[in-house]
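Descriptive analysis of the structure
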Amino acid sequence: MTARGLSRLLPSLVVFAALLAAWQAAGPLFGVREYLLPGPLAVAQALGNFSIPWQTHLRVTTLEILGGFALAGAGGVALGIMVAWSPLAARALLPFLVFVNTLPKVAVAPLFLLWLGYGILPNVLIAALIGFFPVVINTAVGLTQVDEELLDLGRVFGAPTWKVFLKIRLPNALPYVLSALKVTATAAVVGAIVGGLRRFVLVERVVAPVLEEPHRVTTRSTSLLLYGAVGLAARRWAPWADTA
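Residues numbered from 1 in each chain as written. Predicted model: local features only at pLDDT ≥ 70, side-chain atom pairs only at ≥ 80, totals over all residues. Heavy atoms only, no water.

On to the pattern of salt bridges, then. All chains considered together, the criterion is met by one salt bridge. For Asp152, the salt bridge goes to Arg155, with nearest N and O atoms at 2.5 Å. Of this pair, Asp152 and Arg155 both sit in helix H7 (residues 148-156), three residues apart, which is roughly one turn of the helix. Assessed through its relative accessible area of 37%, Asp152 is described here as partly exposed. For Arg155, a relative accessible area of 53% translates into the label exposed. (Salt bridge = Lys/Arg side-chain N within 4 Å of Asp/Glu carboxyl O. Helix = DSSP H or I, 4+ residues; strand = E, 2+ residues; numbered from the N terminus. Buried < 20%, exposed > 50% of the residue type's maximum accessible area, 1.4 Å probe, protein only.)

On the surface, Leu29, Phe30, Val32, Tyr35, Leu36 and Leu37 cluster together into a nonpolar patch covering about 670 Å² of accessible area. Tracing the backbone shows Tyr35 in the loop between helix H1 (3-30) and helix H2 (40-47). For Tyr35, a relative accessible area of 55% puts it in the exposed group. (Patch = residues over 30% accessible without salt bridge, like charges linked within 9 Å, V, L, I, M, F, W, Y side chains within 5 Å. Areas by Shrake-Rupley, 256 points an atom, 1.4 Å probe, with all protein chains shown as cover.)

Quick look at the nonpolar core now. Counting residues in hydrophobic clusters, the biggest one holds 19 residues, and the most contacted among them are Val83, Leu93, Leu97, Phe112, Ile126, Leu129 and Phe132. Broken down by secondary-structure element, the contributors of at least two residues to this core are helix H3 (54-85), helix H4 (87-102), helix H5 (105-116) and helix H6 (120-144). One finds Phe69, Ala185, Ala192 and Val230 within the second-largest nonpolar core, a separate group that totals 16 residues. (Core = buried A, V, L, I, M, F, W, Y, C linked by side-chain atoms within 4.5 Å.)

As structure tokens, then:
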């Protein structure tokens, strides 16, 4: 990593280090029992319990995050196109989508587990459910909020509707979609963890897979990688937009 890259990461590292130190000191300082607020050291000790197959759990959770992210992205873009393309579809779908988005996901997660069993699929669906709504809305907005002069130019040249969509509307929507995917990259992690916490009983074992890093594969790193990948895609595919 270059010196410039390290200088950009340094503020974040300092913040994380300060938060970890404050977290560790909070228990003794305020007299909080460890079973209510286990510190980072207690979490690290829990990770040292090799009777728990951390590697298996983390591999499954990573698959759930990636699956939820892909499903939310593909489904959100498809629904956004439908909403933007057809006013009838917008009137039919938007109220339903808003209703689904307002459902408490923590309450829905146990229902998915009951209906679909204790596998990867319900957690993927929970992750997608949490992350798909921003993609739908941003896609629809990006496809409809187009400069009228560009649309007039397409009409002047007699461009068919599909060509206007591909050459004008889709490039205009791309920054919106990529910005929404950044939100979805983190939301998918939340969804996968909400569905996956049933594997753990002790508080330390709940906190450990969320915050620590055994075997160099964590939900944190997956989220950051997805977020960074979307940022790189934005620079490559939508350099005309500010998506920093």
